[in-house]
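# Examining the three-dimensional arrangement
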Amino acid sequence: MTHRIEAARASDAAALGRVLLRAWLETYPDEAAGIDEAWIREHRGASATAEGAAQWRAFIEDAALRPDELFCRVVRSGSGVVGFLCGRRDEAVTLGPMYLLGEARGRGVGQRLMGEFLAWAGGAEIRLWVTAYNAGAVRFYERHGFARTGERELWRGRLPNVRMVRDAVPRPAAPGHPRV
């Protein structure tokens, strides 16, 4: 199956909310952390509602107007949107959210999506939060140059997250010009 990566469109807003909820249901249930389907629906279910779609639509429209500050790409397949990656540039670049449904994983799609994000970030330091027990995501980010900082948070009192950072990549000096 072919997976295309494209800039998100306002008409994708509801799909992003549904993908986010489905990815959480596929990825985050953890008995030890007390995270089950009911907890996920309570804390992330709103993303798949009309209100959640309106919030996604506003972000997507802002990203189209401010492409240097906001990033949002979707992954499309024959079945519709199967993943996305968004980010923002403030004092630092923040990656997230990034989700791929199970049907899109293991096919190089995440690698391509990350490549587009890293090109957009342009060598700036990038920060993200990742769920501590999502070992596959942690390894994925490590392969792309991210390292754990030791900073932790407990999202909504239950979901254990760790901070990861990819250091800024110095830009090469132009020929004849020293790097400053």
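The notes below deal with the structure included here. (Residues numbered from 1 in each chain as written. Predicted model: local features only at pLDDT ≥ 70, side-chain atom pairs only at ≥ 80, totals over all residues. Heavy atoms only, no water.)

With that settled, consider the pattern of salt bridges. In the structure shown here, the tally under the stated rule is 13 salt bridges. Salt-bridge contacts for Arg4 lead to Glu6; the nearest nitrogen and oxygen are separated by 3.1 Å. The partner of Glu116 in a salt bridge is Arg73, and the shortest N-O contact between them spans 3.5 Å. Of this pair, Glu116 sits in helix α4 (residues 109-121) while Arg73 is found in strand β2 (residues 70-77), placing the two residues 43 residues apart along the sequence. One connected set of salt bridges, linked through shared partners, spans Arg4, Glu6, Arg9, Asp12 and Arg76. (Salt bridge = Lys/Arg side-chain N within 4 Å of Asp/Glu carboxyl O. Helix = DSSP H or I, 4+ residues; strand = E, 2+ residues; numbered from the N terminus.)

Before going further, it helps to examine helix α3 (residues 50-65). For α3, with 16 residues, the first-to-last C-alpha span of 23 Å sits near the 22 Å given by 1.5 Å per residue. Looking only at α3, the buried set comprises Gly52, Ala53, Trp56, Phe59, Ile60 and Ala63. Here the buried residues of α3 occupy an arc of 125° about the axis, which is enough to place them on one side. Opposite its buried face, α3 presents the exposed residues Ala50, Glu51, Gln55 and Leu65, each directed more than 90 degrees away. Each element contacted by the buried residues of α3 is listed here: α1 (13-27), β2, β3 (80-89) and β4 (93-100). (Expected span 1.5 Å × (residues − 1). Buried < 20%, exposed > 50% of the residue type's maximum accessible area, 1.4 Å probe, protein only. Arc of directions from axis to C-beta. Contact = heavy atoms within 4.5 Å.)

In this section: the packing of aromatic side chains. All chains considered together, the criterion is met by 11 aromatic pairs. The interplanar angle of 80° and the centroid separation of 5.9 Å between the aromatic rings of Trp39 and Trp155 together place this pair among those described as edge-to-face. Residue Trp39 is located in helix α2 (residues 37-44), and its partner Trp155 is located in strand β6 (residues 147-155); the two are separated by 116 residues in the primary sequence. Judged by its relative accessible area of 5%, Trp39 falls in the buried class. Residue class for Trp155 comes out buried when judged on its relative accessible area of 18%. Ring centres of Phe71 and Phe117 lie 5.1 Å apart, and the angle between their planes is 85°; this geometry places the pair in the edge-to-face category. Of this pair, Phe71 sits in strand β2 while Phe117 sits in helix α4, and the two are 46 residues apart along the sequence. Residue classification places Phe71 among the buried positions, given a relative accessible area of 1%. (Phe/Tyr/Trp six-rings, centres within 6.5 Å; stacked < 30°, edge-to-face > 60°.)

Across residues other than glycine, the phi torsion is negative in most instances, and most of the peptide bonds are trans. Here the amide bond leading from Gly96 into Pro97 is cis, since omega sits at 5°, within 30 degrees of zero. Along the polypeptide, Pro97 turns up in strand β4. The backbone of Arg156 sits at a positive phi, close to 55°, despite the residue not being glycine. With respect to the element layout, Arg156 can be found in the loop between β6 and β7 (159-166).

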